[in-house]
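Residue-level listing of the chains:
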Amino acid sequence: MRRSPYDTYLLLLFVGVLAVAPAVLPEFYVTLLNYIGLYSIVALGLVMLTGVGGLTSFGQAAFAGLGAYTSAVLTTVYGVSPWLTLPAGLLITSLVAVSLGLVTLRLSGHFLPLGTIAWGISLYYLFGNIDALGGHTGIAGIPPLQIGEVELRSGRDFFYLIWAVLLGTVLATRNLLDSREGRAIRALKGGSVMAEAMGVDTPRSKIVVFTVAALYAGVSGWLYAHLQRFVNPTPFSLTQGIEYLFMAVVGGVSHVWGAIVGAGLITVLKQSLQDWLPRLLGQSGNFEAIVFGLLMILVLHRARDGVWPMIDRLLPQRVLHGSFSGAEDLPRRPRPQAGSVLLEVHDGSKRFGGLVANDRVSFTVRAGEVMALIGPNGAGKSTMFNGISGVDPLSSGTVSFRGQRVESLPARDIARLGMSRTFQHVRLLPGMTVIENVAIGAHLRGGKGFVAAACRADRSEEARLLKEAARQIERCGLAEQMYESAGSLPLGKQRLVEIARALAADPCLLLLDEPAAGLRFLEKQALAELLRRLRDEGIGILLVEHDMDFVMGLADRVMVMEFGQKLASGLPEEVQRNPLVVEAYLGGVE
Amino acid sequence: MNLQIALLLGQDGVTSGAIYALLALALVLVFAVTRVIFIPQGEFVAFGALTLAGLQADRLPGTIWLLLALGTAIALVEGGAALRQRRYRRIPLILLVNCAAPLLLAGALVAVSPAGLPLPIQVLLALMLVVPLGPMIYRLVYQPVAEVSVLALLIVSVAVHVTLIGLGLFFFGAEGSRTPAFTEVSFEFGEAVLQGQTILVVVASLVLIIALYFFFERTLYGKALRATAMNRTGARLMGISGQLAGMLSFTLAAAIGAFSGILISPITTIYYDSGFLIGLKGFVGAIIGGLASYPVAAAGAVLVGLLESYSSFWASAFKEVIVFTLILPVLLWRSLTTRHPEEG
Amino acid sequence: MGGLLAVLGWALAAGVQADINVGVTLSATGPAASLGIPEKNTIALLPATIAGQKVNYIVLDDASDTTTAVKNARKLIAEDKVDVIIGSTTTPNSLAMIDVVAEAETPMISMAAGAKIIEPMDAKRAWVFKTPQNDAQMATAIVEHMTNNNVRTVAYIGFADAYGEGWWNEFSKIAEVRKIQIVANERFNRGDTSVTGQVLKIIAAKPDAVLIGGAGTPAALPQKSLKEKGYKGIIYQTHGVANADFLRVCGKDCEGTFLPAGPVLVAAQLPDSNPIKKAALEYLGKYEAVHGKGSVSTFGAHAWDATKLLVSAVPEALRKAQPGTPEFRKALRDALEKTRNLTATHGVFNMSPQDHLGFDQRARVMVRIDGGTWKLVQ
């Protein structure tokens, strides 16, 4: 990840400032910092969920409510210790989050935010209408937290707890995002198709990131209940849910620090307006909301990605070079025997409504050969790729991969069997570095999960994954660009990154969709050389390409498609001489 | 529940649903053209109704001040741009549209006593006060950030909503208002009475929806909006400016909102903050339509109205819980049957 | 030199301490704004000096939100060093503030109705007082009126919030004791555009009377719907509707409606022998002079009464300590608790260590809406 070289110092400075803050600040400032801390924890969950994962939620306040209400009821009615209600609250929050997630995360596009609004409102009214939860009036007399004999009653006492929790979540979030599972989460926003093809179980990633964000909110709610020592439904309403999202976006929704900046900015601004507006405009009206809204519009005009990126730009940037040179190599998959059939497509057809994109196409690819698929635009080549790799399954026909029927498997399961691919329209995550993009390809070669990532128990595996990614990048001739952001590369180089990513999966069969497009002559030569080497290693390669010189110089066999049908197939020379092919390509030149 | 009650509830649900449908259409329109999820849509409902109520009570509605302020702000922005580009000839027009016209309206309102005017004129005045706020807000708030992400635009909408709610409280106070019915006609069905105004709401909504259909199908501007909705870049290449399309869609949205408010204010009380919930339910309808399909959005909105009506009979305390929980399966079904452009 | 500085410092400190700081947090925006705004308007009319001491009022809006109310309370205590807090407008907000004021040992006078704010009396609530009648008190008045008018069955429809809930809890309890059968219990939201479902259900249950538990203009919607659907029984409202806007919106549909209210609502109709009349008319005069005739609401009067309590308690507290000190706050609390026979706009306060409201029967009257105005039911 890109970080300022002073990041660690900044963090230390931040901790230092926080440590002395309660001692030097007036009481009310400490109170404000407490609220900022509580809001930040929720907003941090939104950074991960919305900013990084691309899943917009208006319902975080309701999750905070679950944490708060669980503790309120258990402590006031059943006399349970507040420390025991935390795990109980988190358990309930995660149960609700997982079950809501199972339903609503299937919603795509705009249906998801509306889904979160729907259950946000439902939970709010449930809080208000269940007598055991104190109804709309609320539950008073929640006991304060106790550490040993000390009761955390004052804001100053609570301060350290809130900010320790916040720092813990910040570190956990950063660790998580900088890991194998973190890359999978980051791929959810705009890269799920690619991630699935790399073996990422994206529905699972969604549920997990959703639950983690809900748990953050739940912890915040638990803290809130014991700071406030009173709960009622209003702090957990849709309005508050919108406010959390507001904080995250204003602060910078893609950045961990954005959550804290946003929560801080909005809390302090509201407070200052409350102080200053009556002095400027008198007591007659209520101008706070109006001025607040106007100021926020201005902020959003000036800082379109939020406030933190503006601050971040002022800090010197350096890319974090992981130290993975000492790591062991990842184990490799056993190679299939050269010449054995890897892939067999039989009568593969794909229909989009009335349009037949592939019409009963059959072919095979063997280990250790380059099979090229050529044909004019719209011949159905990429459709066939999507059908084979499970990205968009075929309508009928069978696909066998390494002796196993795969035509009805999801892309991630096919990837697990050893098929890897690139995309015609490059699917990289432009904000991530080249090495991070390539490391997604190696997703299935690691196994450490979220918890391990959050507490950095995944480092040795992570080093092995990065080492493998670096090795593939070097093979593709991109060593110089390893730490540049993928989006900054020219298109041709981006195609090479795609190949490196596919190779990082250690495939037996490689599906390359127009890998040479946009490459310069020397680069093409290098690519051809690489592909020959891969072939010699025993990898089967299925290639779609328009550059005939490239194809004919490389391919062992060629299949020509037109209008979704197989036109011809055979050795390159045979195909080139085939009159049907000449007709199709040259359009019947007389 | 007997048949009569079921019918009355159905009629009540359709009435609410008609208003939600209008708002859903406006939301779909604004989103399709500008990618803005227009949360403040509901505020136009409240502003329209309360401005009319203010006129009828012979008060100068606060919306006139907003109109003047926004006009001045636009004149400053556009005038400044014209000065920088040395296009001095444009300045009189800018001043005329943004400053003189609102001032004239304000002058007219002060000069004549609006309470004495016939109802249609009052409605017209209220619309003249509220509808221009739509394009003005677009020009000042959304146009400068037209290219940012949908999420960022949504958050801008939240900020606009907060501002307008604050202004609404300042202009109209915390208490609500009703306006007199357009018609006193009523029909009797057994023991139940069906108010003419209720029928008027449904009929007017239908007429408006049909009018919108013809606008989109038959008129140049309507086609331009549709073209922009389908393909922004393409439309721009064809000479349809995104700015014009944005202003036009916001004008329509504001008009639909204000008109809805005026339609329902005789049958219910409208408050400065009523709009949000009404708009939210329109939004639910719009989403059911995938923020793309007008007929499905309208059907979704009517569905929300009916759900609301029947659940308020069965378990009024849990009305919102029922409505919004039942929305989830509908969303799921819609989500599974709607094909999204990959990674939309 | 040092001595001089010390004297100067003392003089400065004394100068600062001489002011009494009154913190106010109320719901001037958000759902409870129609209650909070008249309260806020009233604060501007409050006396600038009490017992010769200058009084500073620091007014904060809590937007009807408990978190903000608590934040405001903490701010008033920590930043403004207030001697007493008036507020907040709603019951949940006031409940949420109790812990804060009790810990800071600062007396608080709530303007919310819920009895829970001062009951059961405990060490924390020792610091909390309130000026509005308890819901129970008002509910009793309604139930008595129902019993006297042969109402045997009643339906309830109230706000889906703390207000409607508080009324339901008290009313259902008292009605049960008095053998009035409750045949329907419905809820609606302040902003709902239709209550047809609830109203149809109520009518189907054929109650003798309907009680609408709402505040301000939103309470007019169920009533108008009931009339529209042909309901002929008696309709009761609560004291929450007692403002001119309600009459404006409800119009002729509200004729004949009964509601309990503080006597301030019908001050002019009270007999001259009633001491409350003078106190209430004084407030009405001041409020309407600024905000126009008919603008008064009974909610603003709760803020006025809160200051009445202060005016009577502060001289006593001043004898014991200087404003700005913990001793003063303690003394003020003690003095508030000893309030006896203090006539205010809503009633006569007789506080005790167990009762931090201290109202009796005189604090409520039954009112009927008649000819678009409030008429005292004799």
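Residues numbered from 1 in each chain as written. Chains lettered and ligands numbered in written order. Predicted model: local features only at pLDDT ≥ 70, side-chain atom pairs only at ≥ 80, totals over all residues.

Asker: Summarise the overall build of chain A; cite the residues concerned and give the values.
Answerer: A tally of helices and strands in chain A yields 23 helices and 16 strands. In terms of overall dimensions, chain A has a C-alpha envelope of 90 × 50 × 50 Å along the principal axes. By the burial criterion, 55% of the 590 residues in chain A qualify as buried. Long-range contacts, defined here as pairs at least 24 residues apart, represent 74% of the contacts in chain A between residues at least 6 apart. (Helix = DSSP H or I, 4+ residues; strand = E, 2+ residues; numbered from the N terminus. Buried ≥ 20, exposed ≤ 12 C-beta atoms within 10 Å, placed from the backbone. Contact = placed C-beta atoms within 7 Å.)

Asker: I'd like a rundown of the interface of chain B and chain C, residues and numbers included.
Answerer: If you look at the interface, chain B gives 27 residues, while chain C gives 27 residues. Those elements that provide at least two residues to the side of chain B that touches chain C are α1 (3-34), α12 (274-288) and α13 (294-314) of chain B. Across the side of chain B that touches chain C, the residue classes break down as 13 nonpolar, 9 polar and 5 charged. (Nonpolar A, V, L, I, M, F, W, Y, C, P; charged D, E, K, R; others polar.)

Asker: With reference to specific residues and values, describe helix α5 (residues 111-129) of chain A.
Answerer: End to end, α5(A) covers 27 Å across 19 residues, agreeing with the expected 27 Å (1.5 Å per residue, within 8%). Within α5(A), 18 of the 19 residues are buried, which leaves it mostly tucked inside the rest of the structure. (Expected span 1.5 Å × (residues − 1).)

Asker: Can you lay out the interface of chain B and chain A for me, pointing to particular residues and giving the numbers?
Answerer: Each partner contributes residues to the interface: chain B has 37 residues there, and chain A has 36 residues. Put simply, the parts of the chain that give the side of chain B that touches chain A at least two residues each are α7 (150-172), α12 and α14 (319-337) of chain B. Counting residues per element, the side of chain B that touches chain A draws most heavily on α7(B), at 14 residues. Among the residues forming the side of chain B that touches chain A, the class breakdown is 27 nonpolar, 6 polar and 4 charged.

Asker: Would you mind going over the nonpolar core in detail, with residue names and values included?
Answerer: Counting residues in hydrophobic clusters, the biggest one holds 426 residues, and the most contacted among them are A:Ala43, B:Ala24 and C:Val210. Here the element with the most residues in this core is α1(B); it accounts for 18 residues. The contact partners of B:Ala24, leaving out residues within four places of it in the chain, are B:Gly282, B:Gly285, B:Ala286, B:Gly289, B:Ala297, B:Ala298, B:Gly300 and B:Ala301. (Core = buried A, V, L, I, M, F, W, Y, C linked by C-beta atoms within 7 Å.)

Asker: An account of unusual backbone geometry is requested, with residue identities and associated values reported.
Answerer: Here the amide bond leading from C:Gly87 into C:Ser88 is cis, since omega sits at -5°, within 30 degrees of zero. The topology assignment puts C:Ser88 in the loop between β4 (84-87) and α4 (91-103). Cis geometry marks the peptide bond from C:Glu119 to C:Pro120; its omega dihedral reads -10°. Looking at the element boundaries, C:Pro120 is found in the loop between β5 (108-110) and β6 (128-130). At A:Arg229, a residue that is not glycine, the phi angle is positive and equals roughly 55°. Following the sequence through the fold, A:Arg229 ends up in the loop between α9 (202-228) and β5 (230-231). Using a count of 25 C-beta atoms within 10 Å as the deciding quantity, one classes A:Arg229 as buried. Of note, the phi angle at C:Ala63 is positive, near 55°, even though the residue is not glycine. C:Ala63 sits in the buried class, given 24 other C-beta atoms within 10 Å.

Asker: Explain the domain arrangement of chain A residue by residue, including any values.
Answerer: Think of interface size as the accessible area that goes away when the parts come together; that is how it is often given. Residue and element names in this part refer to chain A. Domains assigned within chain A are domain 1 (2-319), domain 2 (340-418 + 507-590) and domain 3 (428-504). Computed from C-alpha atoms alone, the centre-to-centre distance between domain 2 and domain 3 is 26 Å. Taken residue by residue, the interface counts 13 residues in domain 2 and 9 residues in domain 3. Those elements giving two or more residues to the side of domain 2 that touches domain 3 turn out to be α15 (411-416), β13 (509-513) and α20 (521-537). Ranked by residue count, the leading element in the side of domain 2 that touches domain 3 is α20, at 3 residues. Split into classes, the residues belonging to the side of domain 2 that touches domain 3 amount to 9 nonpolar, 1 polar and 3 charged. (Domains from an automatic or database assignment.)

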